[in-house]
Amino acid sequence: MRLVRVYRRSLGAHLRAVLEYQSDFWLLVTAGIVTQSLGFIFLSAVFARVPTLNGWRFEETVLIYALAGLAQAAVPLFADGAWLLGSLVHTGELDYRLVRPYPPVLQVTSHQIGFSGAGDAVGAGVLLVWALSRVEVHWTPVKVLLGLLILLGAVVIRIAITVATNAIAFWIPSPNPMFASAVFQIGELARYPLTIYGFGLRVVLTGLLPFAFTGFLPAAWLLDEGGAAWLGLATPVVAVLCALAAYAVFQRGLRRYESAGH
Amino acid sequence: MALVEAHHLTKTFRRPDKAPGLRGSLTHLVRRRFTTVRAVDRVDLSIEAGEAVAYVGPNGAGKSTTIKLLTGIVEPSSGRVRVAGRDPHRERTANARQIGVLFGQRTQLWWDLPVRESLALLRDMYDVPAATYRERLARFDAVLALDEIMPVVARRLSLGQRMRADLACALIHGPRVVYLDEPTIGLDIAVKDRVRQFLRELRADGTTLMLTTHDLGDIEDTCDRIVIIDHGRVIYDGTLEQVKDTYARQRNVHLQLAGDVALPDLAARFPAAAVHAGPNPGEFTVAFDKAALTVGQILAGVIPLAEVVEVRIDEPAIEDVIRKVYAGELILSPAPTPS
Amino acid sequence: MSVKAYARLAGTTVRATFAHRISIGLGTIGVIFQLVAMVALWTALLADGTRIGGYSLPEMKGYLLVGFATGIVGRGLGEHVMAERIRSGAVALDLVKPLDYQKMRFAEVLGGLVIELAVIVVVGAAFVALAGPVQAPVRPDLLLLSLVAVVPIKFLIIYLSTMLCFWTQNYHGLAWTRTALTQLLSGALVPLALLPGWLQTTAAVLPFAAITSTPALIYTGKATGTGALLLIGYQFLWAAGLWFLARLAWRTAVRQLTVHGG
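Labelled according to an unreviewed UniProt entry, chain C appears under the name ABC-2 family transporter protein, originating from Polymorphospora lycopeni.

A short note on the sheet that holds strand β1 (residues 4–16) of chain B
All names here are of chain B. Taken in spatial order, the three strands line up as β2-β1-β4 in an open sheet, and their pairing is antiparallel. Sheet topology places β2 (34–47) and β4 (78–83) at the edges, where each strand pairs with a single neighbour. The mean inter-strand angle of the sheet, taken between neighbouring strand axes irrespective of direction, is 30°. Pairing of β1 with β2, which is carried by ten bridges, proceeds in the antiparallel orientation. Bridge pairing in β2 places Arg 14 opposite Thr 36. Across the face of the sheet, helix α2 (residues 63–71) comes into contact with β1, β2 and β4 while running at roughly 120° to β1.

A short note on the packing of aromatic side chains
All names here are of chain C. As enumerated under the stated definition, the model contains 22 aromatic pairs over all chains in all. Judged by centre distance (5.8 Å) and plane angle (75°), the rings of Phe 106 and Trp 243 are edge-to-face. With Phe 106 in helix α6 (residues 101–130) and Trp 243 in helix α11 (residues 225–260), this pair connects stretches of sequence that are 137 residues apart. Grouping residues by exposure puts Phe 106 and Trp 243 together as buried. An aromatic cluster of at least three residues, connected via ring pairs, comprises Tyr 101, Phe 106, Phe 155, Tyr 159, Trp 243 and Trp 250.

A word on the pairing of strand β7 (residues 208–212) of chain B
Residues and elements named next belong to chain B. For β7, a buried count of five out of five residues is recorded, marking the element as mostly surrounded by other parts of the structure. The alternating pattern of β7 places Thr 208, Met 210 and Thr 212 on one face and Leu 209 and Leu 211 on the opposite face, and all of these are buried. The pairing of strand β3 (residues 52–56) with β7 spans four bridges and is classified as parallel. Its bridge partner lying in β7, Ala 52 is registered against Leu 209. Pairing of strand β6 (residues 177–181) with β7 involves five bridges; the strand directions are parallel. When the sheet's bridge partners are listed, Tyr 179 is paired in β7 with Met 210.

Some points on the pairing of strand β11 (residues 274–277) of chain B
Note that β11(B) and strand β12 (residues 283–289) of chain B share four bridges and pair antiparallel. When the sheet's bridge partners are listed, His276(B) is paired in β12(B) with Thr285(B).

Scoring rules and cut-offs
Residues numbered from 1 in each chain as written. Chains lettered and ligands numbered in written order. Predicted model: local features only at pLDDT ≥ 70, side-chain atom pairs only at ≥ 80, totals over all residues. Heavy atoms only, no water. Pairing = 2+ DSSP bridges. Helix = DSSP H or I, 4+ residues; strand = E, 2+ residues; numbered from the N terminus. Axes fitted to C-alpha atoms, helices over the stretch in contact; angles between N-to-C directions. Contact = heavy atoms within 4.5 Å. Phe/Tyr/Trp six-rings, centres within 6.5 Å; stacked < 30°, edge-to-face > 60°. Buried < 20%, exposed > 50% of the residue type's maximum accessible area, 1.4 Å probe, protein only.

Structure (structure tokens):
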């Protein structure tokens, strides 16, 4: 589809431009790997003291963490431009994107590529493999296919939340993505067994900001563990809803856009 | 229906009305007051295919905002606008294919990419067929000398080079309507010439142009119609000739006469005009209203008096009219808009 | 530049922070969420009055409260503004002015501190009221001294990391890694005593511990008397060391500026 082809070209163009700065590339990739490792270190420190966390073992918790990390890695790799939305709105740089026959939201997200995502993917990938080798999963071909679909859903949810929260710039002008950063940080909380959180927090992370569907619920489904395991299967549906919601928010924001002086 | 139609187009902005300093900010928390700024106020505009319209006004008059309304970047507060029958804000994609836009103060080039790549990306977005693309680039190169800047990264372009590249970007897809917001701002005369030549070629192709500019040379060179806007309202809409004929009727004829001519004698010949003597003997200037006298009549009146050695006629410049409008000296009554 | 001029700069930041209050407020929500989640985690771990690493639940809550306070400090507009100025090259203008760039940024952070302190007080009070039994600080006077030392250290670490913008175009990827590193090695996630030995040694030679671990240990009474004073002395030593390191880094980074040109 033309939509995808242009998107790929846009990302590719930035890829080539950024690869000019070699130190930049390695710095970011390392940063991503380090970030994921730190989470693992934190978990192992906690589990050195306690055998389980609300019934979840170390390896199972790492599984949650790694799945969420993999989903998270996709955001800087494919939609990093979203973080610049506030700046584009603030300076009026969005104007040109609104007069081209290509969805403005996609132009914005493909505006930049973040290599920390590559590091995140490597780090989380390693952790995922490690965890999968140590947990009990009843593998069937159907399960593998569904698993991939759910992972894709998790990626879409993360991108959708990033776009929607950055779109707040249309209502609250600020060149810095402070709100989106805060929500991103909240998303980090969802990389642990949700059962440790109170009911209120669980509702927020499942219904309002569906981060639960990016790590915990998929893991629960994979392991057939816990009462909410079947919810993990709903991830692709939630993903579609999130994507639609994010698109709607962005479009609504465009109607408010006032550009900037000259 | 005209190609570009705007009816009672209005855009208002709400600006917080607060005193300066911290106290002002705090007070505004409690008592929120806003002023409404009418950037564009019930503008009616009708542009036929093939026209070239200059959109002129002092800084802050609402020119850029009008362009943003016409291109669909900003949603109108009230009124309607149609471009080739489409609402540019609501039918963004369809409208985008038929328009080209250039904002002189900002570039649409990808900052870290060579010009060639930016153009290629736009080609993909607009779905320009490869052969057409090459052909157009060749045409642009002839006027804009694109080849020399194609491999240069946007960040390293000079202003003149950047403007040339941006022009190519705006037109690579062959749009019917082109909006240009200050296309020659900051450019040296050589580049300005290129740009104007480019615009002339566009006109020859039948492209419709709308141009906002402070450079009156652009207007005289490219446009045949002028719309003057101030404080968001259209205060004049007519052809350049009409503007000059209506508001710039004063002509000056400078005469160099041989022989002894006394000023009062000359002046008596033309009671309807103002006659002044120049610094050197024999130099006179006759300032007259074009509607009241013709140059021929003046010469016919002078020749019996003395031999005419030299004649020089000053043409009115649109500048004079605009300057007077900006200074508020001239309150123009809108000419009937051709519909 | 006179002290009065710096004070004026600080005042400007207070106004600017206030002007962006909604955006910053939303950003603060992220930190508050973190606090809530950490308390939930530890409540799960320390249920039934157990102790881990010598920490009871009320003590742990006090610890996390300190972590919250030190997390808020220096978070304001400053970081993104600094990063953006370097990224866009606007910093070149700052170099031409006869002003001390580092001191100016510090003055701005002090300005932002005014509002941050207000936030800490408000949230702290709400926390104490709503979160069940929280231990009170053992030596408030030593605690205050320790917290004072945290301000320059926090500023300098953020300041140093913004300088990475001289080498990379993508700041938020790095900022995230710095946050993750800081959180783990400062003891904000887990008391350092609970980390594996090799990590404790690492943390001991890095400045991060001086941000949260030291004041938190003093708060909960795990560090007392001369031990506490030594730790505070170590904090001020880090503050001074980082100040000069930053000056050195600045000179190196400025040379890099010519590479970007444009």
